[in-house]
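What follows is the residue order along each chain.
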Amino acid sequence: MIDLNVIRNINEGNIRCLSIDPGSNNMGYAIVELNVKTWTVSILRCETVKAKDIVGELSELNEILGERFVRNIAYKEFIKNLLLKWHIDFVVCEAAYAGAFIKAYQSLTEHVTLLKAAVYLYDRRMTFLMVEPSVVKKAMGVKGNSGDKNLMTKALSERNNIVICDTIVITQLDEHAVDAACIGLTTLDKIRDNMRASMKE
């Protein structure tokens, strides 16, 4: 359950979230917005950011801090800049799943910790939500245990009750960007349903 009291922009007629599909090499993100007057959900931005493209001069620290940590620091700075540019109200991120891949789980956990740090430094009272992958899949009409990434792209393409920025072509997005968009849509759908329900009470 999301505490709407912590979403500061609600009185201005919209709620904007930054949704993230975490990854230490490839991180998907989307800026998704709910207009609380029209109930319209819009995807304003959606892409995948590769660590190698944003590390820059930080790579000089690889031998000292380790490549993975440096990549996460670069992502931390990237997220901080996104928060500043887009005036985000809250962040939602896919939860890491351990399964049989413990090393991958450890890497994702470290990555998400740095993302949380970025949000904390921007606004320590900002909500940072975690959502299970299976929950997002089911909300998009895909089986929770499905490993077919194409099904998520298909599900996103077939949604006809959202507004998508002209610069975004769903079929050209990779799995990380698609997952990020779906995470944001799923979360804002729930917020919209909760708000509508409370208005009827």
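Our structure's up above, just so we're on the same page.
Quick caveat: nothing in here was measured; it's all calculated off a predicted structure.

Enquirer: What is the right way to look at the overall build of the chain in this model?
Expert: Within the chain one finds seven helices and six strands. Listed N to C, the secondary structure of the chain is β-β-β-α-α-α-β-α-β-α-α-β-α in terms of helices and strands. Considering only C-alpha atoms, the chain reaches an extent of 60 × 35 × 30 Å along its principal axes. Here the chain, with 201 residues, has 48% of them falling under the buried criterion. A fraction of 68% describes how many contacts in the chain between residues 6 or more apart in sequence connect residues 24 or more apart. For the chain, the exposed area adds up to about 11000 Å²; of that, 50% sits on carbon and sulfur atoms. Counting 25 positive and 25 negative side-chain charges, the chain places the centres of these two groups 4 Å from one another.

Enquirer: Help me understand the layout of surface pockets in this model?
Expert: Any empty space left between atoms is shown by rolling a water-sized probe over those atoms. Within this model, the largest pocket holds a volume of roughly 610 Å³. The set of elements that each furnish at least two residues to the lining of the largest pocket consists of helix H4 (102-122), helix H5 (133-139), helix H6 (149-157) and helix H7 (175-200).

Enquirer: What is the right way to read the side chain of Ser107 from this model?
Expert: By secondary structure assignment, the location of Ser107 is in helix H4. Here the side chain of Ser107 touches Ser24 through a polar contact of 3.2 Å, side chain to side chain. Ignoring sequence-local partners within four residues, the contact set of Ser107 consists of Ser24 and Arg68.

Enquirer: Would you mind going over the pairing of strand S3 (residues 41-50) with me for this structure?
Expert: The two faces of a sheet get side chains in turn, since along a regular strand they alternate between them. As paired strands, strand S2 (residues 26-35) and S3 are joined by nine bridges and run antiparallel to one another. Note on S3: the bridge partner recorded for Ala30 is Cys46. Relative to strand S6 (residues 162-164), S3 runs parallel, the two being bridged by three bridges. Note that in S6 the partner of Val41 across the bridge is Ile162.

Enquirer: In this structure, what is going on with the nonpolar core? I would like to understand it.
Expert: A general tendency of soluble globular proteins is for nonpolar side chains to be buried together. Ile15, Leu34, Ile43, Cys46, Phe90, Leu156 and Leu188 are the most contacted members of the largest nonpolar core, which totals 34 residues. Elements with a contribution of two residues or more to this core: strand S1 (14-21), S2, S3, strand S4 (90-94), strand S5 (127-131), H6 and H7. Sorting elements by how many residues they give to this core places H7 first, with 10 residues. Apart from residues lying up to four places away in sequence, Leu188 is in contact with Ile15, Cys17, Val32, Glu33, Leu34, Val41 and Phe90. Formed by 22 residues, the second largest nonpolar core is a distinct cluster that contains Ile20, Tyr29, Val91 and Leu115.

Basis of the calculations
Residues numbered from 1 in each chain as written. Predicted model: local features only at pLDDT ≥ 70, side-chain atom pairs only at ≥ 80, totals over all residues. Heavy atoms only, no water. Helix = DSSP H or I, 4+ residues; strand = E, 2+ residues; numbered from the N terminus. Buried < 20%, exposed > 50% of the residue type's maximum accessible area, 1.4 Å probe, protein only. Contact = heavy atoms within 4.5 Å. Areas by Shrake-Rupley, 256 points an atom, 1.4 Å probe, with all protein chains shown as cover. Lys, Arg positive; Asp, Glu negative; His and termini not counted. Charge placed at Lys NZ, Arg CZ, Asp CG, Glu CD. 1 Å grid on protein atoms, 1.4 Å probe; cavity = no way out; pocket = protein on both sides within 12 Å on 5 of 7 lines; lining within 4 Å. Points joined across faces, edges and corners; volume = space filled by probe spheres on them. Polar contact = N/O pair within 3.5 Å; in protein donor to acceptor, adjacent residues only side chain to side chain. Pairing = 2+ DSSP bridges. Core = buried A, V, L, I, M, F, W, Y, C linked by side-chain atoms within 4.5 Å.

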